[in-house]
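# Structural overview for review
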Amino acid sequence: MAGMLRKVLASGIAAKVIQEARKPQNQAKIKEFIAKMGEQNKKQGGGRGYGRGPVR
């Protein structure tokens, strides 16, 4: 019973997140956040893994 309740709750939350993500003002915030994260990854080197030696 608890498993089924958990699934219903999770699907309700997912539906609300999708509904909110469709709003234009939230889309702008999401795009801004993604752009900011992309800039941070570039500054940090992007996790290429150079200089750690051979992988064994």
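The following refers to the structure shown.

Rules and cut-offs
Residues numbered from 1 in each chain as written. Predicted model: local features only at pLDDT ≥ 70, side-chain atom pairs only at ≥ 80, totals over all residues. Heavy atoms only, no water. Helix = DSSP H or I, 4+ residues; strand = E, 2+ residues; numbered from the N terminus. Buried < 20%, exposed > 50% of the residue type's maximum accessible area, 1.4 Å probe, protein only. Areas by Shrake-Rupley, 256 points an atom, 1.4 Å probe, with all protein chains shown as cover. Patch = residues over 30% accessible without salt bridge, like charges linked within 9 Å, V, L, I, M, F, W, Y side chains within 5 Å. Salt bridge = Lys/Arg side-chain N within 4 Å of Asp/Glu carboxyl O. Polar contact = N/O pair within 3.5 Å; in protein donor to acceptor, adjacent residues only side chain to side chain.

### Let's talk about the overall build of the protein chain
What the protein chain contains, in helices and strands, is 2 helices and 0 strands. Taken across its 56 residues, the protein chain has 2% of its residues classed as buried. Entry remark: accessible area of the protein chain is about 5600 Å², with carbon and sulfur atoms responsible for 61%.

### Description of a nonpolar patch on the surface
Taken together, the side chains of Ile30, Phe33, Ile34 and Met37 define a hydrophobic patch exposed on the protein surface, amounting to about 380 Å² of accessible area. You can call Met37 partly exposed: its relative accessible area is 33%.

### Regarding the pattern of salt bridges
Opposite charge on two side chains makes pairing possible when the charged atoms of those side chains draw close. Across all of its chains, the model carries 2 salt bridges by this definition. Measuring nitrogen to oxygen at the nearest pair gives 3.2 Å for the salt bridge that ties Lys23 to Glu20. Connected via shared salt-bridge partners are Lys16, Glu20 and Lys23.

### A look at the environment of Glu20
Tracing the backbone through its elements, the reader meets Glu20 in helix α1 (residues 2-21). For Glu20, a relative accessible area of 26% translates into the label partly exposed. Side chain to side chain, Glu20 and Lys23 meet in a polar contact 3.2 Å long.

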